[in-house]
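Geometric and topological summary
Spelled out from the first residue to the last, the chains are:
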Amino acid sequence: MVITMSVLTAKEIMEIIPHRQPFMLLDTIEELEPGVKAVARKCVSYNEPYFAGHFPTEPVMPGVLIIEALAQTGAVAILSQPEFKGKTAYFAAINSAKFKGKVTPGDVLTLETEIVKVKGPIGVGSAKAYVDGKLVTTAELTFAIGNS
């Protein structure tokens, strides 16, 4: 039997990033190396408000929300550093986004964002999302650190 424990709960994530329900798209952080990488989980439920219109007969998580969940994962990684405590990570660019599979109710998204470059308040993250080990989304995310 394998027992996995979260590194951060939803409450602890909210102490790092400013997002709140219904826009906080992370349930847990499973791995965290501050300033380097974070791995998060999102359990996708039929109760997500966007499924009412996207699409009622075949619900699919919008790609922009998968990208946002990856950005929130990266924000946890970068904002976990003491020098960025209390700051906010804002989108500066989304590059090379690719969607390779659908995310539907019942899926568990594994979100990985690795910080590959930081220069002052600007950084770049390499982001990947998986469902059952299958790659469903990739993107390069550029962020700017600002005051809350």
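Structural data are supplied above this passage.
Residues numbered from 1 in each chain as written. Predicted model: local features only at pLDDT ≥ 70, side-chain atom pairs only at ≥ 80, totals over all residues. Heavy atoms only, no water.

1. Description of the overall build of the protein
In terms of helices and strands, the protein carries 2 helices and 6 strands. For the protein, the sequential pattern of α-helices and β-strands runs α-β-β-α-β-β-β-β. The C-alpha atoms of the protein give 15 Å as radius of gyration, which agrees with the globular expectation for 148 residues (15 Å, within 12%). The principal-axis extent of the C-alpha atoms belonging to the protein is close to 45 × 40 × 25 Å. Out of the 148 residues in the protein, the part that is buried amounts to 45%. Residue pairs in contact within the protein that sit at least 24 positions apart in sequence constitute 61% of those at least 6 positions apart. As presented, the protein carries roughly 8000 Å² of accessible surface, and 56% of it is formed by carbon and sulfur atoms. (Helix = DSSP H or I, 4+ residues; strand = E, 2+ residues; numbered from the N terminus. Rg over C-alpha atoms; globule rule 2.2 N^0.38 Å. Buried < 20%, exposed > 50% of the residue type's maximum accessible area, 1.4 Å probe, protein only. Contact = heavy atoms within 4.5 Å. Areas by Shrake-Rupley, 256 points an atom, 1.4 Å probe, with all protein chains shown as cover.)

2. Quick word on the nonpolar core
Membership of the largest hydrophobic core comes to 39 residues, with the highest contact counts inside it found for Met61, Leu79 and Leu109. If you list the elements that add at least two residues to this core, you get strand 2 (37–43), helix 2 (63–79), strand 4 (108–119), strand 5 (122–131) and strand 6 (134–147). The biggest single contributor to this core is helix 2, with 11 residues. (Core = buried A, V, L, I, M, F, W, Y, C linked by side-chain atoms within 4.5 Å.)

3. Looking at the sheet that holds strand 5
Strand order in this open sheet of 6 strands is 1-2-4-5-6-3, and the pairing throughout is antiparallel. Edge positions in the open sheet fall to strand 1 (28–33) and strand 3 (87–99), since each of these has one partner strand only. Pairs of neighbouring strands in the sheet enclose a mean axial angle of 20°, with direction left out of account. Sheet strands in contact with helix 2 are strand 1, strand 2, strand 3, strand 4, strand 5 and strand 6, and its direction is about 55° off that of strand 4. (Pairing = 2+ DSSP bridges. Axes fitted to C-alpha atoms, helices over the stretch in contact; angles between N-to-C directions.)

4. Concerning the packing of aromatic side chains
Two descriptors summarise a pair of aromatic rings, namely the distance from one centre to the other and the angle between the planes of the rings. Taken as a whole and judged by the stated rule, the model has 1 aromatic pair. Judged by centre distance (4.7 Å) and plane angle (65°), the rings of tyrosine 50 and phenylalanine 51 are edge-to-face. For the pair formed by tyrosine 50 and phenylalanine 51, the shared burial category is buried. (Phe/Tyr/Trp six-rings, centres within 6.5 Å; stacked < 30°, edge-to-face > 60°.)

5. As for the pairing of strand 6
Bridge analysis of strand 3 against strand 6 gives 10 bridges, and the strand direction is antiparallel. Looking at the pairing, lysine 87 lines up with asparagine 147 of strand 6. As paired elements, strand 5 and strand 6 share 10 bridges and run antiparallel to each other. When the bridges of strand 6 are listed, glycine 125 appears paired with leucine 141. Here strand 5 hands over to strand 6 after 2 residues, with aspartate 132 in that stretch at a positive phi of 50°.

6. Some words on unusual backbone geometry
Here the residue pair glutamine 21 and proline 22 is connected by a cis peptide bond, since its omega of 5° sits within 30 degrees of zero. Within the secondary structure layout, proline 22 lies in the loop between helix 1 (10–14) and strand 1. Here histidine 54 and phenylalanine 55 are connected by a cis peptide whose omega angle stands at -10°. Relative to the helices and strands, phenylalanine 55 resides in the loop between strand 2 and helix 2. Its identity is not glycine, yet aspartate 132 carries a phi of approximately 50°, on the positive side. Residue position: aspartate 132 is located in the loop between strand 5 and strand 6. Note on aspartate 132: relative accessible area 76%, which makes it exposed.

These results come straight from atomic positions and should not be treated as a statement about function.
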